[in-house]
Amino acid sequence: MDKQMHITPPAPVQRALDALTDADYAAYIVGGCVRDAMRGTQPHDWDCTTSARPEQIEQCFRGFHVIETGMQHGTVTAVIDKMPIEITTYRIDGAYADHRRPDSVTFTDRLTDDLARRDFTVNAMAYHPAQGLIDPYHGADDLAAGIIRCVGDPAARFEEDGLRILRAMRFASVLDFDIAPETAAAIHEKRGLLTCISAERIYAELTKLLCGKRVLPVLEEFADVLFTVLPELAPMFKFDQQTHWHCYDVYMHTLYVIEGVPPVPVLRWAALLHDAGKPHTFTKDERGGHFYGHAKVSVEIAERALRALKSDRKTLERVMLLVEHHDLVWENSEKQVARIVRRFDMETAEQLLALHRADVGAQAYEIREAQQAEADQIAEKLAALKAADACMSLKKLALTGSDLLRAGFPQGKAIGETLNALLDQVIDGTLPNEHDALMKAAQSMLQTSGTE
Ligand code: ATP
Ligand code: MG
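Parameters and conventions
Residues numbered from 1 in each chain as written. Chains lettered and ligands numbered in written order. Predicted model: local features only at pLDDT ≥ 70, side-chain atom pairs only at ≥ 80, totals over all residues. Heavy atoms only, no water. Helix = DSSP H or I, 4+ residues; strand = E, 2+ residues; numbered from the N terminus. Rg over C-alpha atoms; globule rule 2.2 N^0.38 Å. Buried < 20%, exposed > 50% of the residue type's maximum accessible area, 1.4 Å probe, protein only. Contact = heavy atoms within 4.5 Å. Areas by Shrake-Rupley, 256 points an atom, 1.4 Å probe, with all protein chains shown as cover. Polar contact = N/O pair within 3.5 Å; in protein donor to acceptor, adjacent residues only side chain to side chain. Salt bridge = Lys/Arg side-chain N within 4 Å of Asp/Glu carboxyl O. Near = heavy atom within 4 Å. Nonpolar A, V, L, I, M, F, W, Y, C, P; charged D, E, K, R; others polar. Phe/Tyr/Trp six-rings, centres within 6.5 Å; stacked < 30°, edge-to-face > 60°. Domains from an automatic or database assignment. Disulfide = S-S within 2.5 Å. Pairing = 2+ DSSP bridges. Axes fitted to C-alpha atoms, helices over the stretch in contact; angles between N-to-C directions. Parallel < 35°, antiparallel > 145°, perpendicular 65-115°, else oblique. Left-handed = near helix turned anticlockwise from the far one by under 90°.

So what exactly am I meant to see when it comes to the overall build of the protein chain here?
Secondary structure assignment for the protein chain yields 22 helices and 13 strands. On C-alpha atoms alone, the protein chain measures out to a radius of gyration of 29 Å, which is more than a quarter above the 22 Å that the 2.2 N^0.38 rule sets for 452 residues. For the protein chain, buried positions account for 50% of its 452 residues. Put simply, of all contacts in the protein chain between residues at least 6 apart along the chain, 64% involve residues at least 24 apart. Carbon and sulfur atoms form 50% of the exposed surface of the protein chain, whose accessible area is close to 21,100 Å².

So this is what it looks like as structure tokens:
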């Protein structure tokens, strides 16, 4: 990596650096923002590190809105032109009794000491526009080579904070990097430390990991780590499906499906969990292995796993829905596709189809191509329905319940039934979605039911 490279921080960040250096303190941008700027991606936040102590930082930012984010850890947030900038005093972390947080922190005057406490070499670089890159742990080389490597002894660093195990895997997945051999070995060795980490932190890291580019190789290499945090999934590992439909065991199939769906948390979680019920429902006859009712068992496992990880309710419910219906039969006909949209809604239909496409894409080679071609045609039909803004729900029907009441229909459940029957006909193409035509059809339905 070019050590002469130049990073231009946004103006408010430059002002923050200036406010500190004008008062004769040393100040740098540090961590994720340096890493991302060097990779050519826009950093989502800019953190600064400085020799100034927290009270001195506050002094430098008199006149700005300052939030005391964590004074005892040396962190102050200054808001400059509406941009919150985290400014942290150089520090050395004390002992870690709980494998997550230091018992105490000590402030230091040396930037190198501060960089030493950071997790990975690519996260342990500091930069100042006038001084260039400060990189004592050779993060720039690892960044250029695409390597996640602990700063210092990996096993000791994971002992301090077990969350770093998942952070290493997450960065490898998101940045599309490899994990250095000694760091990888320590991840396997120390994975039990993850039991000391809160469910919320694990869930947040896993979600990012799942949405990364390199999720498949990472979860293949570190399946043991995944099973430490999600023991429910362990039975999938090397589970032979014994059917000509599949060329992968349940776990590898699952990883291909994860990779095959768009990087959206609910889809990636649904892909991870969709076949979790298979090992529990396996039966075999002369035709091979079967997994009758596996989707239902997968839903139970998904619910248990996501509740244990304290996932938010919305994600939980959506993932359960997608897992439950992942085996939905998609017929390559406009009418059938429309019926699926009618049964769920457009967004759910799109997500279920994305899962279905990835699922058939991870089946046996002989059937994959034909099935994928068909899924592609179904996707086109779905896209056409969406583009046409077709009437797929009562909301879009050109006739409402109040129209029917005004026309003299008796109040009660007959109104809803009539509207639903009309909607079915519109979706099937036997009725146009036009007010007069619908009203006429409704009246004739009322007459028929009246004469029955
Ligand atoms: P992103 O914000 O994209 O997830 P990041 O590298 O900025 O990536 P943060 O969690 O925001 O990650 O942390 C900022 C910096 O603080 C990191 O770059 C790293 O130097 C340090 N850091 C964060 N968490 C840890 C940790 N658990 N152990 C050691 N250092 C850490
Ligand atoms: Mg960050």
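Back to the text.
Help me understand helix 12 (residues 250-260), please; the structure alone is not making it clear to me.
In an α-helix, one full turn covers 3.6 residues, which means residues spaced three or four apart are oriented alike. By the criterion of burial, helix 12 is predominantly enclosed, with eight of the eleven residues buried. Those residues of helix 12 not exposed but buried are Val250, Tyr251, Met252, His253, Thr254, Leu255, Val257 and Ile258. Buried residues in helix 12 make contact with helix 9 (199-210), helix 10 (215-221), helix 11 (223-229), helix 13 (265-273), helix 14 (278-281) and helix 18 (346-361). Among the residues of helix 12, the N-terminal cap falls to Asp249, whose side-chain oxygen and the backbone nitrogen of Tyr251 are separated by 2.9 Å.

How should I be thinking about the pattern of salt bridges in this particular structure?
Charged atoms that come close allow side chains of opposite charge to pair. Tallied over the full model, the rule gives 31 salt bridges. Arg149 is the partner of Asp142 in a salt bridge, and the nearest nitrogen-oxygen pair spans 2.9 Å. Looking at Asp142, the relative accessible area reads 6%, which means it is buried. Ionic pairing is found between Asp161 and Arg164, a salt bridge with its closest N-O pair at 3.9 Å. This pair shows no difference in class: Asp161 is buried, exactly as Arg164 is.

What exactly am I supposed to notice about the site of ligand 1 here?
Around ligand 1, the surrounding shell holds 15 residues, and the nearest of these are Arg35, Asn123, Asp161, Arg164 and Arg170. Arg118 is positioned with one of its side-chain polar atoms (N or O) 3.1 Å from an oxygen atom of ligand 1. Within the side chain of Arg164, an N or O atom sits 2.7 Å from a nitrogen atom of ligand 1. In isolation ligand 1 exposes 580 Å². Once the protein is present, 78% of that is buried. Only helix 2 (32-39) and helix 7 (163-175) provide two or more residues apiece to the shell around ligand 1. At four residues, helix 7 tops the list of elements feeding residues into the shell around ligand 1. Of the residues in the shell around ligand 1, the class split is one nonpolar, four polar and ten charged.

What exactly am I supposed to notice about the packing of aromatic side chains here?
Evaluation of the coordinates by the stated rule reveals seven aromatic pairs. Seen in terms of ring centroids, Phe120 and Phe171 are 6.0 Å apart; in terms of plane orientation they differ by 75°. Their pairing is edge-to-face. With Phe120 in the loop between helix 4 (111-116) and strand 8 (126-128) and Phe171 in helix 7, this pair connects stretches of sequence that are 51 residues apart. Since its relative accessible area comes to 0%, Phe120 is described here as buried.

Honestly, the domain arrangement of the protein chain in this entry has me stumped. Any pointers?
Bring the parts together and some accessible area is lost; that lost area is often taken as the interface size. Taken domain by domain, the protein chain consists of domain 1 (11-145), domain 2 (230-387) and domain 3 (394-451). With centres defined by C-alpha atoms, the gap from domain 1 to domain 3 works out at 65 Å.

Help me understand the side chain of Asp93 in this model?
Within the secondary structure layout, Asp93 lies in strand 6 (residues 91-93). At a separation of 2.9 Å, a polar atom in the side chain of Asp93 contacts the side chain of Arg91. Among residues more than four places away in sequence, those in contact with Asp93 are Pro102, Ser104, Val105 and Arg117.

Explain the state of the cysteines here, please?
Here is the idea: a disulfide is a covalent bond, and it sits between the sulfur atoms of two cysteines. Taken as a whole and assessed by the stated rule, the structure comprises zero disulfides. Free cysteine: Cys33, not disulfide-bonded; nearest cysteine sulfur from Cys48 at 7.0 Å. Cys33 gets classed as buried once you look at its relative accessible area, which sits at 2%.

Got a minute to help me understand the sheet that holds strand 2 (residues 47-50) in this structure?
Hydrogen bonds between backbone atoms are what pair the strands of a sheet, whose relative direction is either parallel or antiparallel. Spatial ordering of the open sheet is given by 3-4-5-2-1-8-9, a layout of seven strands whose pairing is mixed. On the outer flanks of this sheet lie strand 3 (65-70) and strand 9 (132-134), each paired with one strand and no other. Here the average twist between neighbouring strands, direction ignored, is 35°. Relative to strand 5 (residues 83-89), strand 2 runs parallel, the two being bridged by four bridges. Its bridge partner being in strand 5, Thr50 is matched across the sheet by Thr89. Across the sheet, helix 2 lies against strand 1 (27-30), strand 2, strand 8 and strand 9, angled at about 65° from strand 1, the strand it touches most.

It is not clear to me how unusual backbone geometry should be interpreted in this structure. Could you clarify?
In terms of backbone geometry, most residues other than glycine have negative phi values and most peptide bonds are trans. Positive phi, normally seen in glycine, also occurs at Asp81, with a value near 50°. Checked against the element boundaries, Asp81 lands in the loop between strand 4 (75-80) and strand 5. Of note in the backbone geometry, Lys310 takes a positive phi value of approximately 60° without being a glycine.

Even after reading the chapter, I still don't get the environment of Thr430, so can you show me in this structure?
Structurally, Thr430 is set in the loop between helix 21 (413-428) and helix 22 (435-451). Once the C-alpha coordinates of Thr430 and Ala184 are considered, the two residues, 246 residues apart in sequence, prove to be 62 Å apart.

Could you clarify how one ought to interpret the packing of helix 16 (residues 313-324) against helix 18 in this entry?
Packed helices, taken two at a time, are described by the angle their axes make and the gap between the axes. Close contact between helix 16 and helix 18 brings their axes to 10 Å; oriented N to C, the two are set at 55°. Classified by the interaxial angle, the pair formed by helix 16 and helix 18 is oblique. The handedness of the crossing between helix 16 and helix 18 is right-handed. Along the contact surface, helix 16 presents Arg318, Leu321 and Leu322, while helix 18 presents Thr348, Gln351, Leu352 and Leu355. Here the residues of the contact of helix 16 with helix 18 sort into four nonpolar, two polar and one charged.

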